[in-house]
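Now for the letters of each chain:
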Amino acid sequence: MRSLSLALALPFAAVASPALAEVPVRIDIAAGRLDAAIIALGRQAGISIGITDRQIGAQRVRRLRGTMTTREALDRLLQASDARAVRLAPDHWRIMRAPASARRSGAPIRLAMATAPRLPAPVEDIVVTARRAPPEDLTRSAYSQIRLEGDFALGGQGRGSDALVDRLPALGSTQLGPGRNRLFLRAISDSSFNGPTQAVVGQYLGSARLNYNAPDPDLRLVDLNAVEVRQGPQGTLYGAGTLGGVIRLLPNLPDSNDWQAAQSLSVAATQHGAPSFDGSAMVNVPLVEGVVGLRGVVYGARDGGYIDDRLRQRDDINRVDTIGGRVLLRIEPGADWTIDMMGAAQDIDGRDSQFADRAGDRLDRASPFAQPFRSQFLLGQLAVGKQWDAFELLSTTTVTGLDLSETFDATIPGLEPSLFRQRGETRLVTNETRLSGEAAGGVGWLVGTSLLSNRYRIRRTRGDIVRARAITGVENRVDEATAYADLAIPAADRLFLDIGARLSHMRLSGEALDTPLLSLAAQARSNARRTQTAFLPSAGLRYRLSDGLSAHARYQEGFRPGGIGVRDLMVRRYRPDTVSAVEAGLAFSASTFSGDVTLAYTRWRNIQADLIDISGLPATENIGNGRIVTLDATLAWQPVRAVSIEASAVWADSRLVSPSAGIFVLPANRVGFDFASIPEGAVIADSNDLPNVARLSGRLGSSYRATLGDTGDLTVSGSLRYTGRSRLGIGPVLGVEQGDVLDTSLSVSLARDRSTFWIQATNLLDARGNRFALGSPFTLPFGEQITPLRPRTVRIGADFSF
């Protein structure tokens, strides 16, 4: 949600580049608020734009696309508003309210979907200084917030969360397959499995929450306005399940004034594998001009397999088919009211798992049967908003469902083949109401309430291929009522403060499913019923040392409720876990050079993680207390107008510093160590590293852009992405190493008028690597498992808009 002062009250600073104001440039700006359109225009045209009236920015503007001069772009943006553009210098403009005699009669004022308020700056004339945007524009703002825009957000290459992981070194993921993975931010990683524990990264589509217990739904990045990533605990504004951060996919909203359409198609060839293809289409229809707009998106893809099965003598077994779409309807009945309705659905069908072993060429394995998976996601949302002069209201109600079915090989060497199946079902209903605005002195404020009900159920069977018996599953339910508030205070000319708090009361319950002992199920229900109250404060400050240098510090907390799980054939309760984090950083910018660095320290209490029990099943336990230190930095350089270079890296040190009574960490120096001193029944860990956290990860990218006259605009981009070593989990089975992987890519695109043609190659070195050391937890003790990179792949595609 965004207050009226989002873009007008917060100066936006980025690297400035020389601007040729009257040279026609390619412009593509989504419909929405005028303030957002001005920021986009400033970036794309390389100019500075100021606003003298805060209310102007809330006015609605239509989509703008084409090649034009700055004057033409501003005139077209403002043609339906009561504002005008005044040129102060060759590359400096100011937006002012037009005199009454110059305004168009009956010019409508409309709202875009609101987002959270940002820190206001105590200035009268707000100047937006920006640079010409590369095809994938990455912006970092205060408190470790990242915003991805441009071609990346449009998703023309038909990718999902893996594109985000490739782009951002701070974002990690398991690699079980699309729709099955868990995401991690700020080195806060708990488990490699999908079970009853809540996610550590909150995911949103607009203001609709996508996950709770469920894994990443892996929605395709198609027709998005931007992607926002907030690192570190976000409990104050976003609640439970945001220990590591929040990812928000911001879709383009319907435009009730303009017909629009777009489509994207691509095909790909993979060395050692099967071909792939994907396509998407978008249409925007003004059902009632100026009042009702409809926007629909559909997409489908087939990711060809590249893993072979030696035992069954089958090739390319890990094919994945994805189909999905969303529909958005916006109604603007007048008096600054908006009504938004959204529906989204996606189905991912994986024919087999994507892991291999080391017995062959690292692109094959031997399995007695296929291990398919399927993810089915549904979402519906109703949002009602109202804007007044000094504040605005937004209330949203969202219903989300995600079903994940998985099959694992559970064969013990020397015995008959056996399998394990599990089906996880998540049902989430949320209502959130926020009121935000700006008080005297530029103080931004936000208050809100949230109601949430989540049910997670997992059922499991185990046996041979013909007959399988049900084994104990679990159902966990959480009902939560929350109130929260946030203040953004300009304490001095250069000093800004943020203060917030969240109070949540939860009712938790759970029960064992399909258990053969009724008394055990009754005991589990009794032990699982409880309540929990959590208070989460936050505080932050920013100090502007100079026009090009600022510093920030922040403290925030996060939590996850407890639940019940099954371990060693017994139903057990696990406790809530909490994190508290403090971070400090610097950000700087100059004419062709910008960067930032952030140091964060996190304490994690009662860590919920998964261990392997005596039957080979992953089971949730509180493994103790941990601490995490991260240092992340980004550097951007534009040595000449046509070339840009970006480097980013994350160093992380994550440790289990106080293991629980059931965990024993072996010392690093074991000379003379008495192994008899290990408590009986303890889980023995070779290292106190937390799972799936690489010590070092980084990315280096560069791009070259040139205008080829009537031929179009040429862009050549390349990148290197390194993921360091990490461990799969805690314990003798899960303590295997993974990572130390280098991925490479190169792409060339040519944009002309309303079409773009591109070719992209990934894994140029055709490396194998080991992204993730797990395929099936049941067979892991009997042989090393690896998840290789997709082999060298060349993709050719085209995007069209109308």
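Preceding this section is the structure that the text describes.
Here the residue numbers are simple positions, counted from 1 along each chain's written sequence. Per-residue local features are limited, in this predicted model, to residues with pLDDT of at least 70; the limit for side-chain atom pairs, both in listing and counting, is 80 or more; totals at the level of whole chains, interfaces and linings are taken over all residues. Computation of side-chain values covers all heavy atoms of the structure but excludes hydrogens and water.

### Structural notes on unusual backbone geometry
A positive phi angle, close to 50°, is found at D316, a residue other than glycine. Judged by relative accessible area, D316 falls into the partly exposed class, the value being 24%. A positive phi angle, close to 70°, is found at R362, a residue other than glycine. We count a stretch as a helix when DSSP gives it H or I for four or more residues in a row; a strand needs E for two or more, and each element gets its number in order from the N terminus. Its location among the elements puts R362 in the loop between β23 (356-357) and β24 (364-365). In this scheme, a residue with accessible area under 20% of its type's maximum is buried, one over 50% is exposed, and one in between is partly exposed, where area comes from a 1.4 Å probe on protein chains only. Of the residues examined, R362 reaches a relative accessible area of 24% and is grouped as partly exposed.

### Examining the pattern of salt bridges
Definition used for salt bridges: Asp or Glu carboxyl oxygen within 4 Å of a side-chain nitrogen of Lys or Arg. Overall, the coordinates contain 47 salt bridges when judged by the stated rule. Between D352 and R312 there is a salt bridge, with the nearest N and O atoms lying 2.8 Å from each other. Residue D352 is found in the loop between β22 (337-350) and β23, and its partner R312 is found in the loop between β20 (308-309) and β21 (320-334); the two are separated by 40 residues along the sequence. D464 is paired through a salt bridge with R467; the nearest N and O atoms lie 3.5 Å apart. The exposure class of D464 is partly exposed, given its relative accessible area of 26%. According to the relative accessible area criterion, R467 is exposed, its value standing at 58%. Taken together, the salt bridges that share partners define one network made up of R627, D653, R655, D686, D689, R695 and R727.

### Thoughts on the packing of aromatic side chains
Stacked, tilted and edge-to-face are the three classes assigned to paired rings of Phe, Tyr and Trp, where Trp is represented by its six-membered ring and a pair needs centres within 6.5 Å; plane angles under 30 degrees give stacked, over 60 edge-to-face, the rest tilted. Overall, the coordinates contain ten aromatic pairs when judged by the stated rule. With a centroid separation of 6.4 Å and 40° between ring planes, the pair formed by F391 and W445 is classed as tilted. Of the two residues, F391 sits in strand β26 (residues 391-409) while W445 sits in strand β28 (residues 444-463), which places them 54 residues apart along the sequence. Of the residues examined, F391 reaches a relative accessible area of 30% and is grouped as partly exposed. Judged by relative accessible area, which is 21%, W445 ranks as partly exposed. Seen in terms of ring centroids, F673 and F675 are 4.9 Å apart; in terms of plane orientation they differ by 85°. Their pairing is edge-to-face. A residue is classified by how much of its surface remains accessible, and F673, at 22% relative accessible area, is partly exposed. Site record: aromatic cluster; members linked through ring pairs are W388, F391 and W445. Sitting over the ring of F355, R365 keeps its end group 4.2 Å from the ring centre. Counted as over-ring charges are cases with an Arg CZ or a Lys NZ within 6 Å of the ring centre that also lie within 35 degrees of the ring normal. Geometry around Y238 places R434 over its ring, the cationic atom sitting 5.9 Å from the centre.

Honestly, that's just the spatial picture; any functional story needs more than this.
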